[in-house]
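Descriptive analysis of the structure
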Amino acid sequence: MSSYIKRRIPRKKAAEPDEILTLTAQISDRIRGNVNLIIFSVGTVLFVAVISLGMMWLNGKKEVSATRAILGAKASYGQKGGVDSAGEAEVAADGLRESLAGFREVMSEYPDKIQGKSAALYAANILFQLGSYQEAAVVVGDLISRDPDFANDLNAPNLMARALEGSGDYDAALDAYDGILKRTREDQRALLMMDMARCYELSGDSASAIEIYRNVVEQFQDSVFAVKADIKLAILGVQAEESL
């Protein structure tokens, strides 16, 4: 009688306890080996977060400080009223110089913030009022070069042109007026043309001034500028072409 021997299917060898301990030890070793990297990474993230929050806090605080500074300077400027005598004019000039110092401080402290840029325009306007035309042109020119969009929105180029004209730099002033004229609205063209004619007249170029005055009379017949241009032509000893 033949014998039947059941063959046993070999099982997958189970991990020995020592092997389990060895695997655990390997994981522990890896963690210990990378613990400095983990700590450094977490520390870096926390450091960046703290710095970012700190910068946000400082920027917010600086924004408040800048606003307070410009409001303080404007309040001082607003208190300087009109004058009725030479003595009062000198007092007013002293007040303007005091306000100017306040605006310059804001400009210096917050040059890239809107408060500092606004302070630059106030400072330039005060310099213009004090007759420091060349210095006013420098302040406005710096603002235009740093932030042309902001300057254009607040008509800084107009102040620049007038400051250059006041300083006697008529060629530069005419270039500035011409640049504004090329991008200005129709309702402002007459005023700018009168400015350019005046600038030509002051520079001694009466022929160019007369030509522009005549153009104002022709193009803006029913406006106050046409009346003023006609008067200027009469003073210069000529008439508008339509009157000839």
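Look a little higher up for the structure.
Bear in mind the structure is a predicted one, so any value in this text is a computation, not a measurement. (Residues numbered from 1 in each chain as written. Predicted model: local features only at pLDDT ≥ 70, side-chain atom pairs only at ≥ 80, totals over all residues. Heavy atoms only, no water.)

Moving on, we get to the packing of aromatic side chains. Per the stated rule, a full pass over the model turns up 2 aromatic pairs. Judged by centre distance (4.7 Å) and plane angle (5 degrees), the ring pair of F103 and Y122 falls under stacked. Taken as a pair, F103 in helix 2 (residues 86-109) and Y122 in helix 3 (residues 114-129) lie far apart in primary sequence, 19 residues in all. Seen from the ring of F150, K117 lies directly overhead, with NZ or CZ sitting 6.0 Å from the centre. (Phe/Tyr/Trp six-rings, centres within 6.5 Å; stacked < 30°, edge-to-face > 60°. Helix = DSSP H or I, 4+ residues; strand = E, 2+ residues; numbered from the N terminus. Lys NZ or Arg CZ within 6 Å of the ring centre and 35° of its normal.)

It is worth spelling out a nonpolar patch on the surface at this point. Residues V227, I231 and I235 make up a contiguous nonpolar surface patch of roughly 300 Å² in combined accessible area. Its place among the elements puts I231 in helix 10 (residues 224-235). Looking at I231, the relative accessible area reads 47%, which means it is partly exposed. (Patch = residues over 30% accessible without salt bridge, like charges linked within 9 Å, V, L, I, M, F, W, Y side chains within 5 Å. Areas by Shrake-Rupley, 256 points an atom, 1.4 Å probe, with all protein chains shown as cover. Salt bridge = Lys/Arg side-chain N within 4 Å of Asp/Glu carboxyl O. Buried < 20%, exposed > 50% of the residue type's maximum accessible area, 1.4 Å probe, protein only.)

One non-glycine residue with positive phi stands out, namely N155, at about 60 degrees. When you line up the elements, N155 lands in the loop between helix 5 (148-153) and helix 6 (156-166). Judged by its relative accessible area of 46%, N155 falls in the partly exposed class.

As a further point, take helix 8 (residues 186-203). The end-to-end C-alpha distance of helix 8 is 26 Å, a good match for the 26 Å that 18 residues give at a rise of 1.5 Å each. The complete set of buried residues in helix 8 reads A190, L192, M193, M194, D195, M196, A197 and C199. Looking at the buried positions of helix 8, the neighbouring elements they touch are helix 6, helix 7 (170-183), helix 9 (206-219) and helix 10. At the C-terminal side of helix 8, G204 shows a positive phi close to 95 degrees. (Expected span 1.5 Å × (residues − 1). Contact = heavy atoms within 4.5 Å.)

This paragraph deals with the pattern of salt bridges. Applying the stated criterion across every chain yields a total of 10 salt bridges. With its nearest N and O atoms 3.3 Å apart, the salt bridge here joins D178 to K182. Residue D178 and its partner K182 are both found in helix 7; the two are separated by 4 residues, about one turn of the helix. D178 sits in the partly exposed class, given a relative accessible area of 28%. The partner of E201 in a salt bridge is K232, and the shortest N-O contact between them spans 3.4 Å. Placement of the pair is E201 in helix 8 and K232 in helix 10, with a sequence separation of 31 residues. Under the relative-accessibility criterion, E201 is labelled partly exposed at 22%. The exposure class assigned to K232 is partly exposed, which follows from its relative accessible area of 24%.

The next subject is the packing of helix 8 against helix 10. Across the interface, helix 8 lies against helix 10 with an axial gap of 10 Å and an inter-helix angle of 15 degrees. Classified by the angle between their axes, helix 8 and helix 10 sit roughly parallel to one another. The two elements helix 8 and helix 10 meet at a crossing, and its hand is left-handed. The segment helix 8 lies against helix 10, with A190, L191, M194 and E201 engaging F225, K228, A229 and K232. For the contact of helix 8 with helix 10, the residue count by class is 5 nonpolar, no polar and 3 charged. (Axes fitted to C-alpha atoms, helices over the stretch in contact; angles between N-to-C directions. Parallel < 35°, antiparallel > 145°, perpendicular 65-115°, else oblique. Left-handed = near helix turned anticlockwise from the far one by under 90°. Nonpolar A, V, L, I, M, F, W, Y, C, P; charged D, E, K, R; others polar.)

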